[in-house]
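# Report on the structure
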Amino acid sequence: MKTTLRTSLILLFSAIALVVAAIFAWKWATQKLLESKQVEIHSMVVQEVEKLGNLELIRYNFKDIVRFEKQIPFWPDPTLTLLAQGNVVACIDLSAIAEDNVTFAGDTVEIVLPEPFLCQVKIDHEQSRIIDSYWTFMEGPAIADEVYKRAEQQMRKAAEDSHIRQQAKDQAFTLLHPLLTRISGRPVRISFQGDNSVLPRFKTPD
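Here is what the cut-offs are and how they apply
- Residues numbered from 1 in each chain as written.
- Predicted model: local features only at pLDDT ≥ 70, side-chain atom pairs only at ≥ 80, totals over all residues.
- Heavy atoms only, no water.
- Helix = DSSP H or I, 4+ residues; strand = E, 2+ residues; numbered from the N terminus.
- Expected span 1.5 Å × (residues − 1).
- Bend = angle between axes of the 7 residues up to and from the residue.
- Buried < 20%, exposed > 50% of the residue type's maximum accessible area, 1.4 Å probe, protein only.
- Pairing = 2+ DSSP bridges.
- Axes fitted to C-alpha atoms, helices over the stretch in contact; angles between N-to-C directions.
- Contact = heavy atoms within 4.5 Å.
- Disulfide = S-S within 2.5 Å.
- Phe/Tyr/Trp six-rings, centres within 6.5 Å; stacked < 30°, edge-to-face > 60°.
- Salt bridge = Lys/Arg side-chain N within 4 Å of Asp/Glu carboxyl O.
- Core = buried A, V, L, I, M, F, W, Y, C linked by side-chain atoms within 4.5 Å.

### Thoughts on helix H3 (residues 164–184)
Between its terminal C-alpha atoms H3 stretches 29 Å, which fits the 30 Å expected from 21 residues at 1.5 Å a residue. Where H3 bends most, the angle comes to about 35°, and this point is leucine 176, followed within four residues by the proline proline 178. Among all positions of H3, only Ile164, Ala168, Lys169, Ala172, Phe173, Leu176, His177, Leu180, Ile183 and Ser184 are buried. Looking at the residues trailing H3, positive phi occurs at glycine 185, about 70°.

In structure tokens form, the structure reads like this:
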């Protein structure tokens, strides 16, 4: 009787040990599979984002009148008025994304993108024209250079005042979120390196 009970207890504990070992083995295998899948997703996301390179997001076209006057003592002040046309373009350099810019929070892929920047501030010299001027022959080239520089400065300031960088972030999210969600097969959160909030500013699907 005692031998039978002892045998039954041994078999019971052996069965429990086998079940526990099987559970731990299953959890270990599942964790390794998850880690392997995350490495695969991480690599795909980084590669696909890098391929996009320098991505143009927002383009502003400007047309403005710019007047420049240079004060010269004891001499009539040379002036030039320019009807300036040009554009300002905001881009994001996705080739600069680093490995540690892509991380995981549970099932969610978190991606920190580079800050958008103004990749082009350019006056269209063919479309721009001088509409009024007063200068001497010697002052002409220098005055022309100055008024074009001032036109570019005004275009840059107007674009910044219109929050072109924030619009570029919104456009980046609109373009990249569906692509990255499809590539990873997981929910995606996007933030930007230049965000100044205490916590990263994430945008998620509605």
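Still more ground to cover, so stick around.
### Here we look at unusual backbone geometry
Residue histidine 163 is not a glycine yet carries a positive backbone phi of 60°. Along the chain, histidine 163 turns up in the loop between helix H2 (140–161) and H3. The class for histidine 163 is exposed, based on a relative accessible area of 55%.

### Notes on the sheet that holds strand S4 (residues 108–113)
Each strand in a sheet pairs with its neighbour through backbone hydrogen bonds, running either in the same direction (parallel) or in the opposite one (antiparallel). Ordered in space as S3-S4-S7, the three strands form an open sheet in which the pairing is mixed. Here the strands that pair on one side only, and so sit at the sheet edges, are strand S3 (102–105) and strand S7 (188–192). Strand-to-strand twist across the sheet, computed as the mean angle between neighbouring axes with direction ignored, equals 25°. With five bridges joining them, S4 and S7 adopt parallel strand pairing. Pairing of isoleucine 111 across the sheet is with isoleucine 190, part of S7. Along the sheet, H3 contacts S4 and S7; its crossing angle with S7, the most-contacted strand, is approximately 145°.

### A closer look at the environment of leucine 55
Relative to the elements of secondary structure, leucine 55 occurs in strand S1 (residues 54–69). In this structure the C-alpha to C-alpha distance between leucine 55 and leucine 94, which are 39 residues apart in sequence, comes to 7.0 Å. Those residues within four positions of leucine 55 in sequence are excluded, and the remaining contacts are Ala90, Cys91, Ile92, Leu94, Leu175 and Leu176.

### Quick look at the state of the cysteines
Applying the stated criterion across every chain yields a total of one disulfide. Paired through a disulfide, cysteine 91 and cysteine 119 show a sulfur-sulfur distance of 1.9 Å. Taking the torsion about the S-S bond as the criterion, the cysteine 91 to cysteine 119 disulfide, at about 45°, is right-handed. Placement of cysteine 91 in strand S2 (residues 79–93) and of cysteine 119 in strand S5 (residues 117–123) is noted, with a sequence separation of 28 residues between them.

### With respect to the packing of aromatic side chains
Applying the stated criterion across every chain yields a total of one aromatic pair. Judged by centre distance (6.0 Å) and plane angle (70°), the ring pair of tyrosine 60 and phenylalanine 62 falls under edge-to-face. By relative accessible area, tyrosine 60 is classed as buried at 17%.

### Re the pattern of salt bridges
Applying the stated criterion across every chain, the model contains five salt bridges. For lysine 157, the salt bridge identified is with aspartate 161, shortest N-O distance 2.8 Å. On the criterion of helical spacing, the pair formed by lysine 157 and aspartate 161 is a turn pair, its members being four residues apart in helix H2. Judged by relative accessible area, which is 54%, lysine 157 ranks as exposed. For the salt bridge of glutamate 160 with arginine 165, the shortest nitrogen-to-oxygen distance reads 2.8 Å. Since its relative accessible area comes to 27%, arginine 165 is described here as partly exposed.

### Some words on the nonpolar core
Core analysis: the largest hydrophobic core is formed by 39 residues, its most contacted members being Ile111, Leu113, Ile164, Leu176 and Ile190. Put simply, the parts of the chain that give this core at least two residues each are helix H1 (2–51), S1, S2, S4, S5, H2, H3 and S7. Looking at this core element by element, the count peaks at seven residues for H2. With residues near it in sequence (within four places) discarded, leucine 113 still touches Ile92, Leu94, Ile97, Leu176, Ile190, Ser191, Phe192 and Gln193.

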